[in-house]
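Spelled out from the first residue to the last, the chains are:
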Amino acid sequence: MTVQAAVPIRTAAEEQLAANWQQAKSGLPGPVLLRATAFERFAKAGLPHRRVEEWKYTDLRALMRDAKPLAGAPDAAARERARSAGASLASIEARRIVLVDGAFMPELSDLAGLEAGLTIGSLAQALAQGDEAVVSQLGTIVPSNDVALALNTAFMGDGVVIRVAPGVSLARPIGLVFFNSGTRPASVFTRSLALIGNGARAMLLESHEGAPDAADQVNTALELKVGDDAHVDHVKITAAGAGALHVSSLMAAIGAHARFNEFLFTVGAPVVRNQLFIRFDGEGTVAGVRGASLLKGREHADTTLVADHIGRACTSRETFKSVLDGESRSVFQGRITVAPKAQKTDAKMAAHALLLSEEAEADSKPELEIYADDVQCGHGATTGALDDNLLFYLKARGIPTKEAEALLIQAFIGEAVEGIEHAGLRDALMEQVAAWLQARE
Amino acid sequence: MPLLEIKNLHAEVDGRKILQGVDLRVEKGSVHAIMGPNGSGKSTLAHVLAGKPGYEVTEGRVLLDGEDLLAIEPDERAAKGLFLAFQYPLEIPGVATMTFLRTALNAQRKKRGEPELLVPDFMRRVREAAKHLGIEQDMLRRGVNVGFSGGEKKRNEVLQMALLEPRLCVLDETDSGLDIDALKVVAEGVNRLRSPERAFVVITHYQRLLDHIVPDIVHVLSRGRIVRTGGKELALELEAKGYAQYQEEMA
């Protein structure tokens, strides 16, 4: 008659996570209670599996046969390999901040001449020093009970802390390169915090990449606070080397009269789960939350989005596109909730999948929860193959099949990529799309 | 040797026999009109020539310059000089007209072993052709045919024709959906392309297009066969008497 009896038998991965915890907990920096509480949360729930609605299509219990040991400090060879990482940042002349196997690398990062009002630091350092301004924020920007996030909180090793003071407009984008060296398969837990002050302007790009065969289990999270009247673009690129299993959480709270653009670009990573928890707290904010995935082989990309409209008269556009070849699978779960006071909300969500093969699969689950009566909300989802009539039109003009398909696929993805304000980055991503198409059989 | 030679062409769509023995010879420099009642197989003939999937040739041959056209893919047919102006040009959101034109032109040139056109040369050619057809630069930057009116779409077809410089142009009901002013612009565009090296097959239900694109030879297609051939006066006769006599033949 005990509660314990109801706890299911632990899988090997769960056992190893528990062992990792016992081994590591005394050595991890910072808030002991926060970590312990988070681990308890995981220990009670176990790894999320297909009967947990939010994880229905990405069954972590099945996907994680084991849990890798926590990543150690990168050796000289690993750091050396990271030097050439972050090629996609060159197009936007970003200030390059590098993490190798989850550890912040000041010597590989461009920390010289930070603009007035900008600070960039290591999370591990802030936690070790007991920096209250950081510790007090963790887990509070958009609180969530998600189990993957709980694991991140328990094990977070390092990450980046970025602060942009009110009214400061950053001349250069900040480019975070998360490089997995592939030295040995490891669990990598990074947690970052970005606090963008009122009226500030910042662009933040994350590139998760690494040795193409890096078998790491990556669990990365970013807490982002966007002040009133601020303008923030956040782009996350998840590419080859992002880990055999890559789970990412964004918790973003957006102030009033702000502009916020989120973009997720996924190509070449085996299993990716991007979860977004976005809250529009203030009035009159305009936001675009978009993404594009290019999948082949047995790749799997899950985007799970919760957008909460709390403030009134916010506009949000959520558009996700996936192109699926081989036996790949894309998942889109999107929920927009509109609070009773969020009148005049204008939210439109769409998920579109383009299937290039009979074996590919796209799952889409859009939801609206509306508690206000004067709103405009909608959602749509399409799944289909390339239009034969369009292909014929292009071929009738002399364009060979493969090129005609490439044109149509670029157009399909382009519609989402157009939502990125930075032209150089748009071009860089479309070049990656072209390269993906070029490599296609 | 004729530019185009169609011999005893039979074709089916979804198991329905549409073309039932079409014979046609088109010489260089000539303009042929193919007229006929609805359902006679006019558009099917155009689609079979261009190689649209779903149209199955069960018998007969089509030769372009003596080469078997049916054995090759639609894009190869285009590179060999065949152009089909669509009755319903498609909209391609996200593919700018300029990109589309340049991709098509360079793909054809590549297949013919010609060098790619340099961007300034290409731009000059497009601007020139567009000017004649009253196509604004802004339209060229937009997605192919996206938001274009019926007339603009047809002008865009003629623009493509002018740039790609085909040797055989097949116009499928180019007059459909056009008012008289738009029809004139399109017809002038086509007439500008007439040359001793180039031939046209103009498919139409109505005679009015042929007032503006004057044919050398007019054929009547009925029940999947060419049942009558004459000069341009045949079109006027059809206009006056209608297709009734040919439809009676069907019965």
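Quantities reported herein were computed from a predicted structural model and do not represent experimental measurements.

## Some thoughts on the overall build of chain A
Link 1 in the chain: Each helix and strand in chain A was counted, giving 11 helices and 19 strands.
Link 2 in the chain: Since a compact globule built from 441 residues should have a radius of gyration of about 22 Å, the 21 Å found for chain A is in line with a globular shape.
Link 3 in the chain: By principal-axis analysis of the C-alpha atoms, chain A measures approximately 70 × 55 × 45 Å.
Link 4 in the chain: Each of the 441 residues in chain A was classed as buried or not, and the buried ones make up 54%.

## Notes on the confidence of the model for chain B
Low pLDDT means the predicted coordinates in that region are not meant to be read closely.
Residues and elements named next belong to chain B.
Link 1 in the chain: Looking at chain B as a whole, the pLDDT averages 93, with 98% of positions reaching at least 70.
Link 2 in the chain: Per-element averaging of pLDDT across chain B places helix H10 (residues 244–250) at the bottom with 68 and strand E6 (residues 82–85) at the top with 98.
Link 3 in the chain: The ipTM assigned to the predicted complex is 0.96, against a pTM of 0.92.

## Section: the packing of helix H10 (residues 401–417) of chain A against helix H11 (residues 423–439) of chain A
The packing of two helices is summarised by the inter-axis angle and the distance between the axes.
Residues and elements named next belong to chain A.
Link 1 in the chain: Following both chains from N to C, one finds H10 and H11 inclined at 150°, their axes separated by 10 Å at the closest point. Between H10 and H11, the angle falls in the class roughly antiparallel. Crossing angle aside, the handedness with which H10 passes H11 is right-handed. Note on element contacts: H11 touches H10 through Arg 426, Leu 429, Met 430, Val 433, Ala 434 and Leu 437, opposite Ala 406, Ile 409, Gln 410, Ile 413, Gly 414 and Val 417.

## Structural notes on the domain arrangement of chain A
Residues and elements named next belong to chain A.
Link 1 in the chain: We note that the domain assignment places domain 1 (3–282) and domain 2 (388–441) within chain A.
Link 2 in the chain: Each of domain 1 and domain 2 has a C-alpha centre, and the two are 31 Å apart.
Link 3 in the chain: Facing the 10 residues of domain 1 at the interface are 11 residues of domain 2.
Link 4 in the chain: Those elements giving two or more residues to the side of domain 1 that touches domain 2 turn out to be strand E9 (231–238) and strand E11 (259–267).
Link 5 in the chain: Considering each element in turn, the side of domain 1 that touches domain 2 owes the most residues, 4 residues, to E11.

## Here we look at the nonpolar core
Link 1 in the chain: Ranked by internal contacts, the top residues of the largest apolar core, which has 215 residues, are Phe 83, Leu 84 and Val 170 of chain B.
Link 2 in the chain: Both domain 1 (3–282) and domain 2 (388–441) of chain A contribute no fewer than three residues apiece to this core.
Link 3 in the chain: Apart from residues no more than four positions distant in its own chain, Leu 84 of chain B is found in contact with Ala 396 of chain A together with Ala 46, Leu 49, Ala 50, Val 170 and Asp 172 of chain B.

## What to know about the interface of chain B and chain A
Link 1 in the chain: In this assembly, 21 residues from chain B lie in contact with 17 residues from chain A.
Link 2 in the chain: Of all the secondary structure elements, the ones that give two or more residues to the side of chain B that touches chain A are helix H2 (74–79), strand E7 (92–96), helix H3 (97–111) and helix H6 (150–164) of chain B.
Link 3 in the chain: Split into classes, the residues belonging to the side of chain B that touches chain A amount to 14 nonpolar, 4 polar and 3 charged.

## Details of the sheet that holds strand E9 (residues 168–172) of chain B
All names here are of chain B.
Link 1 in the chain: Strand order in the open sheet formed by 6 strands is E6-E9-E10-E3-E11-E12, with mixed pairing between adjacent strands. The open sheet terminates on both sides in strands that have one partner only, identified here as E6 and strand E12 (225–230). On average, each strand axis in the sheet is inclined to that of its neighbour by 20°, with strand direction left out of account.
Link 2 in the chain: Bridge count for E6 against E9 is 4 bridges, and the pairing is parallel. The residue bridging Leu 84 from the neighbouring strand is Val 170, located in E9.
Link 3 in the chain: Contacts from helix H1 (residues 42–50) reach strand E3 (31–35), E6, E9, strand E10 (199–204) and strand E11 (217–222) within the one sheet, and its direction differs from that of E6 by about 140°.

## Observations concerning the sheet that holds strand E4 (residues 55–64) of chain B
Residues and elements named next belong to chain B.
Link 1 in the chain: Read from one edge of the open sheet, 4 strands run E2-E1-E4-E5, paired in antiparallel fashion. Where the open sheet ends on each side, the last strands, each with one partner, are strand E2 (16–26) and strand E5 (67–68).
Link 2 in the chain: For E4 and E5, the ladder comprises 2 bridges, and the chain directions are antiparallel. Within E5, the position partnered with Leu 64 by the bridge is Glu 67.

## Remarks on unusual backbone geometry
Link 1 in the chain: Notably, Asp 101 of chain A is not glycine yet its phi reads approximately 50°, a positive angle.
Link 2 in the chain: Its location among the elements puts Asp 101 of chain A in the loop between strand E1 (95–100) and strand E2 (103–104).
Link 3 in the chain: A positive phi is found at Asn 145 of chain B, a non-glycine position, where the angle reads about 65°.
Link 4 in the chain: Of note, Asn 145 of chain B is situated in the loop between strand E8 (143–144) and H6.

## Considerations on H10 of chain A
Each α-helix turn comprises 3.6 residues. Residues three or four places apart therefore point the same way.
Link 1 in the chain: Given a rise of 1.5 Å per residue, 17 residues ought to cover 24 Å, and the 24 Å separating the end C-alpha atoms of H10 of chain A matches this to within 8%.
Link 2 in the chain: Looking only at H10 of chain A, the buried set comprises Ala 404, Ala 406, Leu 407, Leu 408, Ile 409, Phe 412, Ile 413, Gly 414, Ala 416 and Val 417 of chain A.

Parameters at a glance
Residues numbered from 1 in each chain as written. Chains lettered and ligands numbered in written order. Predicted model: local features only at pLDDT ≥ 70, side-chain atom pairs only at ≥ 80, totals over all residues. Helix = DSSP H or I, 4+ residues; strand = E, 2+ residues; numbered from the N terminus. Rg over C-alpha atoms; globule rule 2.2 N^0.38 Å. Buried ≥ 20, exposed ≤ 12 C-beta atoms within 10 Å, placed from the backbone. pLDDT = per-residue confidence, 0-100. Axes fitted to C-alpha atoms, helices over the stretch in contact; angles between N-to-C directions. Parallel < 35°, antiparallel > 145°, perpendicular 65-115°, else oblique. Left-handed = near helix turned anticlockwise from the far one by under 90°. Contact = placed C-beta atoms within 7 Å. Domains from an automatic or database assignment. Core = buried A, V, L, I, M, F, W, Y, C linked by C-beta atoms within 7 Å. Nonpolar A, V, L, I, M, F, W, Y, C, P; charged D, E, K, R; others polar. Pairing = 2+ DSSP bridges. Expected span 1.5 Å × (residues − 1).

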